[in-house]
Amino acid sequence: MKNIINVKHPLLQNLVTKLRDINTNSYDFRKYLSEVGRILLVEALKDETLKEKEVQIWVGNYRFPVLDEEKYVFIPILRAGLPMLDGVLEMIPLARSGFLAIKRNEETLESILYYDRVPPLKGKTAIILDPMVATGGSLDYAISVIKEKNPERIISLNVIGAPEGLNRISKKHPDVKVFIAQIDEKLNDKGYIIPGIGDAGDRAFNTE
Ligand code: PRP
Ligand code: URA
């Protein structure tokens, strides 16, 4: 699983534990997802190439490195990926955002796409946001939809994954780098990650 990067940081582990806690309310749950997103983004872009820009400063004009912010397109997978968007947009405010809504059929575990509002991606870095990689069906589907739009590269930021789903992504999309905070033990017979955080969409938006 060379393309799966398990980002290890005490701050991330601390946040994941808070997400697991069933006493964490939906407001805090969204806030922690946003913070995890931001830390994963920092790691994912740590070797990014910068361009130079002339900046007027107090002693005249100097050239300094800047990020080409408009090159990045964040794509949260609705619903549970939505809270991660706030955190990453704080880091790259001029990035674009596109939206994919994918829902698992909880009987068959098959993924269904019900909304695609992703802008053109040619020459862009597409960054997928979704807390959970369980069977990997939703991420696999999202990557396939995004690949049809020909981005320069695709990165995925995820909070918790099961080995089953991550293996699937690694085999089918070895070109996509997945930055993930935690790899858990397994899936249960209903396709939920154990120990996991439960249903991330329901917990984020206080539904059942
Ligand atoms: C969750 C999660 C992922 C998907 C992971 O979404 O946010 O998108 O499940 O499961 P998979 O790897 O087996 O596909 P869900 O389908 O519950 O939709 P929701 O965010 O609207 O609740
Ligand atoms: N979707 C979730 O929200 N949680 C899981 O454990 C699996 C799929």
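Computed from a predicted structure; not experimentally measured.

**Some remarks on the environment of Arg-63**
Next up, step 1: Residue position: Arg-63 is located in strand β3 (residues 60-66).
Next up, step 2: Through-space distance from the C-alpha of Arg-63 to that of Lys-53 is 5.2 Å; in sequence the pair is 10 residues apart.
Next up, step 3: Discounting residues that sit within four places of it in the chain, Arg-63 has contacts with Glu-52, Lys-53 and Glu-54.

**Concerning the packing of helix α1 (residues 10-20) against helix α2 (residues 26-44)**
Next up, step 1: Running from N to C, α1 and α2 point in directions that differ by 155 degrees, and their axes come no closer than 10 Å. Put simply, α1 runs roughly antiparallel to α2. For α1 against α2, the interelement crossing comes out left-handed. When α1 is examined against α2, the residues Leu-11, Leu-12, Leu-15, Lys-18 and Leu-19 are found in contact with a partner set consisting of Phe-29, Tyr-32, Glu-35, Val-36 and Ile-39.
Next up, step 2: Residue classes in the contact of α1 with α2 are distributed as eight nonpolar, no polar and two charged.

**Here's the deal with the site of ligand 2**
Next up, step 1: Near ligand 2 the following residues occur: Ala-80, Met-132, Ala-134, Gly-191, Tyr-192, Ile-193, Gly-196, Asp-199, Ala-200 and Gly-201.
Next up, step 2: Partitioned by chemical class, the residues of the shell around ligand 2 number six nonpolar, three polar and one charged.

**Some thoughts on the confidence of the model for the protein chain**
Next up, step 1: Looking at the protein chain as a whole, its pLDDT mean stands at 97, while 100% of the residues score no less than 70.
Next up, step 2: Confidence estimates for the predicted assembly give a pTM of 0.97 and an ipTM of 0.98.

**What to know about the site of ligand 1**
Next up, step 1: Near ligand 1 lie 23 residues; those nearest to it are Ala-80, Ala-134, Thr-135, Ser-138 and Gly-201.
Next up, step 2: Of all the elements in the fold, those that place two or more residues in the shell around ligand 1 are β6 (99-104), β9 (132-133), α4 (137-147) and α6 (200-205).
Next up, step 3: Considering only residue class, the shell around ligand 1 consists of 10 nonpolar, eight polar and five charged.

**Topic: helix α3 (residues 82-91)**
Next up, step 1: Looking at α3, one finds that the buried residues are Leu-82, Pro-83, Met-84, Gly-87 and Val-88.
Next up, step 2: The inward-facing, buried residues of α3 abut α2, β4 (72-78), β8 (125-129), β10 (153-161) and α6.

**Some details on the nonpolar core**
Next up, step 1: Formed by 52 residues in total, the largest nonpolar core has its most connected members in Ile-75, Ile-127, Ile-128, Leu-129 and Leu-157.
Next up, step 2: Element by element, the count of residues in this core is highest for α2, at seven residues.

**Regarding the UniProt feature "domain: Phosphoribosyltransferase" (unreviewed entry) in the protein chain**
Next up, step 1: According to UniProt, the feature "domain: Phosphoribosyltransferase" (unreviewed entry) maps to residues 8-207 in the numbering used here.
Next up, step 2: For the annotated span residues 8-207, helix accounts for 34% and strand for 32% of the residues, and the straight-line distance between the end C-alpha atoms is 31 Å.

**Some thoughts on helix α5 (residues 163-172)**
Owing to its 3.6 residues per turn, the α-helix brings residues three or four apart onto one side.
Next up, step 1: Every buried residue of α5 is accounted for by Gly-165, Leu-166 and Ile-169. In a view along the axis of α5, the buried residues occupy a sector of 95 degrees, so they form one face of it.
Next up, step 2: In this fold, the buried residues of α5 make contact with β1 (4-6), β9, α4, β10 and β11 (177-183).

**Details of the environment of Asp-68**
Next up, step 1: If you trace the backbone, Asp-68 turns up in the loop between β3 and β4.
Next up, step 2: For Asp-68, a count of 14 C-beta atoms within 10 Å puts it in the partly exposed group.
Next up, step 3: Along the chain, Asp-68 and Phe-99 lie 31 residues apart, while their C-alpha atoms are 21 Å from each other.

**Topic: the pairing of β3**
Next up, step 1: For β3, the buried fraction is low: zero of the seven residues fall into the buried class.
Next up, step 2: Of the pairings in the sheet, the one linking strand β2 (residues 51-57) to β3 comprises seven bridges and is antiparallel in character. Counted as the bridge partner of Val-55 is Tyr-62 from β3.
Next up, step 3: What sits between the antiparallel neighbours β2 and β3 is a turn of two residues.

**Side note on unusual backbone geometry**
For residues other than glycine, phi is negative in most cases, and the peptide bonds are mostly trans.
Next up, step 1: A cis amide bond links Leu-78 to the next residue, Arg-79, at an omega of 0 degrees.
Next up, step 2: Structurally, the position occupied by Arg-79 is in the loop between β4 and α3.
Next up, step 3: Between Ile-194 and Pro-195 the backbone carries a cis peptide bond, its omega angle lying at 0 degrees.
Next up, step 4: Notably, Asn-150 is not glycine yet its phi reads approximately 55 degrees, a positive angle.
Next up, step 5: Tracing the chain through its elements places Asn-150 in the loop between α4 and β10.
Next up, step 6: Judged by C-beta crowding, with 12 C-beta atoms within 10 Å, Asn-150 ranks as exposed.

Reading guide: rules and limits
Residues numbered from 1 in each chain as written. Chains lettered and ligands numbered in written order. Predicted model: local features only at pLDDT ≥ 70, side-chain atom pairs only at ≥ 80, totals over all residues. Helix = DSSP H or I, 4+ residues; strand = E, 2+ residues; numbered from the N terminus. Contact = placed C-beta atoms within 7 Å. Axes fitted to C-alpha atoms, helices over the stretch in contact; angles between N-to-C directions. Parallel < 35°, antiparallel > 145°, perpendicular 65-115°, else oblique. Left-handed = near helix turned anticlockwise from the far one by under 90°. Nonpolar A, V, L, I, M, F, W, Y, C, P; charged D, E, K, R; others polar. Near = placed C-beta within 6 Å. pLDDT = per-residue confidence, 0-100. Buried ≥ 20, exposed ≤ 12 C-beta atoms within 10 Å, placed from the backbone. Core = buried A, V, L, I, M, F, W, Y, C linked by C-beta atoms within 7 Å. UniProt positions renumbered as here; feature names shortened; annotations may be inferred. Arc of directions from axis to C-beta. Pairing = 2+ DSSP bridges.

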